[in-house]
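# Breakdown of the fold
Here are the chains, one letter per residue:
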Amino acid sequence: MDISDISSGVGVLDKAAVILGALASGPATLAGLVASTGLARPTAHRLALALERHRLVTRDLQGRFVLGPRLGELSAAAGEDCLLAAAGPVLTSLRNVTGESAQLYRRQGEMRVCVAAAERTSGLRDIVPVGSTLPMKVGSAAQVLLAWEEPERFYEGLQGARFTTTALSGVRRRGWAQSIGEREPGMASVSAPVRDSSHRVVAAVTVTGPIQRLTRHPGARLAKAAVDAADRLTEAVSHP
């Protein structure tokens, strides 16, 4: 990418954008960045280190520059509005199809937050108000939000959890999770992952209800509906 192609009149910003554009093609050494961007070596080095400080750039095991985690976080934030805009109709449809309450959870640190919900209007139901903060140690949504994590966060998340490595292997294999009485006695749930355009899990769609209706094998009844709803939200996030 040539600077003249993206010139905004703000030189340092244009040069930083050129570096990020070059790294979009893959890892690069400092020499590689200089060759691909046309920047002077001291300039490329100074800007790469500054971008690394802001986590827009990081290093791989060979010490090469690669795109950093902050870009993924910003991408997720940009997609969040699309996710929440689509969540209402999708959760309402899921509730109507299943006859059970439906929620959407996102992970925040060591907790998960209900960011949208469509509650069953009558009868015995599991009410989770929007904004509720729940633990990442129990429940099918927690399983989904942890199952595809990077190894370090994955094993840290398992400490003290009600589910096991074997259970999460099953979640990855099936593409959905179920829980029976993990979070609240007498209640069961089924969850499926919502992914962004990079295939990263960014949320979990959940259907919840009493075990007396869902039985002790809730996935048999609800998995397809939960997965279909999660796929609709994945489409909304991936193609806003």
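Whatever comes next refers back to the structure up there.
Since the structure is predicted, the reported quantities are computational estimates derived from the model, not experimental observations.

## Looking at the nonpolar core
- Membership of the largest hydrophobic core comes to 32 residues, with the highest contact counts inside it found for Leu83, Leu91, Leu94, Leu104, Val194, Val205 and Leu233.
- Broken down by secondary-structure element, the contributors of at least two residues to this core are helix H5 (69-98), strand E3 (101-108), strand E4 (111-118), strand E7 (187-195), strand E8 (201-210), helix H9 (211-214) and helix H10 (218-238).
- At 9 residues, the largest contribution of residues to this core is made by H10.
- Every residue in contact with Leu94, bar those within four places of it in the chain, is listed here: Gly99, Ala102, Val205, Thr206, Val207, Ala225, Ala226 and Ala229.

## A few points about the pattern of salt bridges
- If you walk through the whole model with that rule in mind, you get 10 salt bridges.
- The partner of Glu52 in a salt bridge is Arg59, with the nearest N and O atoms 3.4 Å apart.
- The class for Glu52 is partly exposed, based on a relative accessible area of 26%.
- Its salt-bridge partner being Glu100, residue Arg221 comes within 3.5 Å of it at the nearest N-O pair. In this pair, Arg221 is assigned in helix H10 and Glu100 in the loop between H5 and E3, connecting sequence segments 121 residues apart.
- The buried category is assigned to Glu100, whose relative accessible area is 1%.

## A few points about the sheet that holds strand E6 (residues 177-180)
- Spatial strand order, E5-E4-E3-E8-E7-E6: 6 strands in an open sheet with antiparallel pairing. Every interior strand has two partners, whereas the edge strands, strand E5 (133-135) and E6, have only one. On average, adjacent strands in this sheet sit at an angle of 30° to one another, irrespective of strand direction.
- Here 3 bridges tie E4 to E5, and the two strands are oriented antiparallel to one another. Each bridged residue has a counterpart across the sheet, and for Val113 the counterpart in E5 is Thr133.

What counts and what doesn't
- Residues numbered from 1 in each chain as written.
- Predicted model: local features only at pLDDT ≥ 70, side-chain atom pairs only at ≥ 80, totals over all residues.
- Heavy atoms only, no water.
- Core = buried A, V, L, I, M, F, W, Y, C linked by side-chain atoms within 4.5 Å.
- Buried < 20%, exposed > 50% of the residue type's maximum accessible area, 1.4 Å probe, protein only.
- Helix = DSSP H or I, 4+ residues; strand = E, 2+ residues; numbered from the N terminus.
- Contact = heavy atoms within 4.5 Å.
- Salt bridge = Lys/Arg side-chain N within 4 Å of Asp/Glu carboxyl O.
- Pairing = 2+ DSSP bridges.
- Axes fitted to C-alpha atoms, helices over the stretch in contact; angles between N-to-C directions.

None of the figures reported here should be taken as evidence of function without further support.
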